[in-house]
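Fold and contact review
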Amino acid sequence: MKDLLREIRACTICKEHLPFAPKPVLRASSTAKIVIIGQAPGSKVQQSGIPWDDASGKTLREWMDISSENFYDESKIAIIPMGFCYPGKGKTGDLPPRKECAATWHDTLFEQMPNIKLKILIGQYANSKYLNSKNLTQTVREFEQHLPGFFSLPHPSPRNRIWLKRNPWFHDKVVPQLQEVVFEMLNETN
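So, how was this worked out
Residues numbered from 1 in each chain as written. Predicted model: local features only at pLDDT ≥ 70, side-chain atom pairs only at ≥ 80, totals over all residues. Heavy atoms only, no water. Axes fitted to C-alpha atoms, helices over the stretch in contact; angles between N-to-C directions. Helix = DSSP H or I, 4+ residues; strand = E, 2+ residues; numbered from the N terminus. Parallel < 35°, antiparallel > 145°, perpendicular 65-115°, else oblique. Left-handed = near helix turned anticlockwise from the far one by under 90°. Contact = heavy atoms within 4.5 Å. Nonpolar A, V, L, I, M, F, W, Y, C, P; charged D, E, K, R; others polar. Pairing = 2+ DSSP bridges. Disulfide = S-S within 2.5 Å. Salt bridge = Lys/Arg side-chain N within 4 Å of Asp/Glu carboxyl O. Buried < 20%, exposed > 50% of the residue type's maximum accessible area, 1.4 Å probe, protein only.

On to the packing of helix H1 (residues 2-9) against helix H5 (residues 99-111). With their axes 11 Å apart at the nearest point, H1 and H5 run at an angle of 165° to one another. In terms of their interaxial angle, H1 and H5 are classed as roughly antiparallel. The interaxial crossing formed by H1 with H5 has left-handed handedness. Touching Leu4, Leu5, Glu7 and Ile8 of H1 are Trp105, Thr108 and Leu109, all from H5. Looking at side-chain class alone, the contact of H1 with H5 contains five nonpolar, one polar and one charged residues.

Following Leu147, the chain continues into Pro148 via a peptide bond in cis, with omega recorded as 10°. The phi dihedral of Trp52 falls on the positive side, at around 60°, and the residue is not glycine. Structurally, the position occupied by Trp52 is in the loop between helix H2 (43-48) and helix H3 (55-64). Not every positive phi belongs to a glycine, and Asn132 is a case in point at roughly 55°. Position of Asn132 among the secondary structure elements: in the loop between helix H6 (123-131) and helix H7 (136-141).

It is worth spelling out the packing of H3 against helix H9 (residues 169-186) at this point. Interaxial distance between H3 and H9 falls to 7 Å at its minimum, and their mutual angle equals 75°. Classified by the angle their axes make, H3 and H9 are roughly perpendicular. On H9, the residues that touch Glu62, Trp63 and Met64 of H3 are Phe170, His171, Val175, Leu178, Gln179 and Val182. Within the contact of H3 with H9, the residues separate by chemical class into six nonpolar, two polar and one charged.

The four strands are arranged E2-E1-E3-E4 in an open sheet whose pairing can be described as parallel. Of all the strands in the sheet, just strand E2 (77-79) and strand E4 (150-153) have a single pairing partner and so form its edges. The sheet shows a mean angle of 20° between the axes of neighbouring strands, direction not considered. Two strands pair when backbone bridges link them, and strand E3 (residues 118-122) and E4 are joined in this way by four bridges, in the parallel orientation. Pairing of Leu121 across the sheet is with Ser152, part of E4. Packing against the sheet, H6 makes contact with strand E1 (34-37), E3 and E4, and its axis sits at approximately 135° to E3.

The subject of this paragraph is the state of the cysteines. Every disulfide links exactly two cysteines, by a covalent bond between their sulfur atoms. Tallied over the entire structure, the rule returns zero disulfides. The closest cysteine sulfur to the non-disulfide-bonded Cys85 is located on Cys14, 5.7 Å from its own sulfur. No disulfide involves Cys101; its nearest neighbouring cysteine sulfur is the one of Cys14, lying 5.1 Å away.

The next thing to look at is the pattern of salt bridges. The full count for this structure, using the stated rule, is eight salt bridges. As a salt-bridge pair, Asp94 and Lys89 come within 3.8 Å of each other at their nearest N and O atoms. With a closest N to O distance of 2.7 Å, Glu100 and Arg98 form a salt bridge. A relative accessible area of 23% places Arg98 in the partly exposed class.

And the structure:
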C-alpha cells in the first residue's frame, strides 16, 4: 500500500488540465473498514493537503458524529475522492472531478483494501459511478436499499443549504442512520 500511495501522490496524468501543480489528496490503508468517496479537493484542501479540511468536512464529521481524530485515522477510515487534485473553478463552483483519477486508481486501491465494509458515497459523481445513480435526491432517500455496502449522501458543502432545507427528511432519517452505521463499523471487534 505504501508504494501505491507514493505512486499516486506522484501522479501527473492530468497535469495540463489543472490550475495548479498536481498534488493528489487521499488517505488509505489496508486496515480501513470505511472509505469516504467524495468529489475532489477544494482549493483550501489542495493548499493544506488535508482532505475535508474545510467547512464541508466539518459538516460531514457532524453528520457522521465522529471526532476529527477518528475521521483522520486512516487505519479506520480511508478518504479516496473521485478526483485527487483540485480541478479548478467553474461558473457556479468548482469544476467536476477529473475522470482520470477514479479510472486509473480506484480499482487498484480497493484491491489493496480488503477490510472495506462500507463506501460512503458523497455527491453526484461518486453515486453515479458506484450506484449508477441518475437522481441524487432519490438515491439518498433510498439509502437503505444500498446498505450494507454503500451509504449515499449529498455533498455537505455550504452551497447545498437549499437542498437541505427542501429535504428535511435527510436530517430526520438519513443522518441518524449514518451515525448508527458508522458507530457500529468503528466499534466492530472483527
